[in-house]
Amino acid sequence: MMGPSHALSGAAVWLSGSWALQQFYDYEQSPLALAVGTAVCAGGALLPDLDLSGKVTRNKGGATVARTFGVFSLFIAEVVEKVSLGVYYATKLSRDPKRNNGHRTLTHTIPFTVLVGWGTTTLCARFGKWAVIGILFFMIGLALRGLFDKWAERAGWLIVTLISAGAAVVTAANLPGDRGYPLIGLAVGVGSFVHIIGDMITRAGVPILWPIPIKRRMWTPISLPDKIAMRAGGRTEMAIVRPALTVISILASVGLFAPSLLDKFNIDG
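Just so you know, these numbers come straight off a predicted model, no measurement behind them. (Residues numbered from 1 in each chain as written. Predicted model: local features only at pLDDT ≥ 70, side-chain atom pairs only at ≥ 80, totals over all residues. Heavy atoms only, no water.)

1. Things to note about helix α3 (residues 71-91)
- Between the first and last C-alpha of α3 there are 30 Å, a value that for 21 residues agrees with the 30 Å anticipated at 1.5 Å per step.
- Restricting attention to buried positions, one finds in α3 the residues Ser73, Leu74, Ala77, Glu81, Ser84, Leu85 and Tyr88. Each buried residue of α3 lies within a common arc of 110 degrees when the element is viewed along its axis, so the set occupies one face. Exposed residues on α3 whose side chains face more than 90 degrees from its buried face are Phe72 and Ala90. (Helix = DSSP H or I, 4+ residues; strand = E, 2+ residues; numbered from the N terminus. Expected span 1.5 Å × (residues − 1). Buried < 20%, exposed > 50% of the residue type's maximum accessible area, 1.4 Å probe, protein only. Arc of directions from axis to C-beta.)

2. What about the UniProt feature "transmembrane region" (unreviewed entry) in the protein?
- If you check UniProt for "transmembrane region" (unreviewed entry), the listed places come out as residues 127-148, 155-175, 181-210 and 240-262 in our numbering.
- Secondary structure content for residues 127-148 is 91% helix and 0% strand, while the C-alpha to C-alpha distance between its ends is 31 Å.
- Taken end to end, residues 181-210 has its terminal C-alpha atoms 29 Å apart, with 67% of it in helix and 0% in strand. (UniProt positions renumbered as here; feature names shortened; annotations may be inferred.)

3. Re the nonpolar core
- If you look at the biggest cluster of nonpolar residues, it comprises 38 residues, and the most contacted ones within it are Val40, Leu47, Leu136, Met139 and Ile184.
- When residues of this core are traced back to their parent elements, those giving at least two are α1 (3-25), α2 (31-44), α3, α4 (110-127), α5 (129-147), α7 (157-174) and α8 (177-200).
- Take this core: its biggest share by element is nine residues, from α5.
- Filtering out sequence-adjacent residues up to four positions away, Val40 remains in contact with Leu136, Met139, Ile184, Ala187 and Val188.
- Counting residues in hydrophobic clusters, the runner-up holds six residues, among them Met1, Ala12, Met230 and Leu245. (Core = buried A, V, L, I, M, F, W, Y, C linked by side-chain atoms within 4.5 Å. Contact = heavy atoms within 4.5 Å.)

See the structure below:
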């Protein structure tokens, strides 16, 4: 899947999940918590693609999300890609092929989603709002780059950086720590997992079962059969998947916010 579809899938899953919790378990969240969760999950749904680096010094190449903060995020992507490639070669078995990059390896596994979710929660709990500001800054930037790809490209990485920083500071100042902080870690983990599922329905697949060895391969790509698998950026993604995710997001948002709007205007319905 392409970056915008990944980000949209993260937003759709968080909004629809929040609606289900409110509808069936009476778990309500403030508008701010919903907005933060949605943005962080959308950003988390782009996080695994930071393993696709480009030309750092020239601010070119790599995944779209790797260019969110200019050369700074490209450098992070370079590091993530090299670490992923190193883990691949350190754990590969005899039938795992040779690789020249670490894309769709370590960051596209279940252990990675658990690690980033747990790590985010731990950082927030230990370092408080300073950690929250940093995490929100990064995740909001990824979400902006994914959800508003064309605008972000025109605006440039500096504008995206400034908006992300401002939103992170304002949000952290108003987000309650008792419920808000754990939700940030959950949103990062859920977003990363949604990304993996999105890539698993494409032809290339992902090594979602790592580190379970299968027929002398540690990094076996799991995907749908080629006949029904989706091609990244193809007609199915653009004409069916992305519009469907948009509709789900809109319907879930209406379901979450409509009751409060009805009460505000004293409409009996």
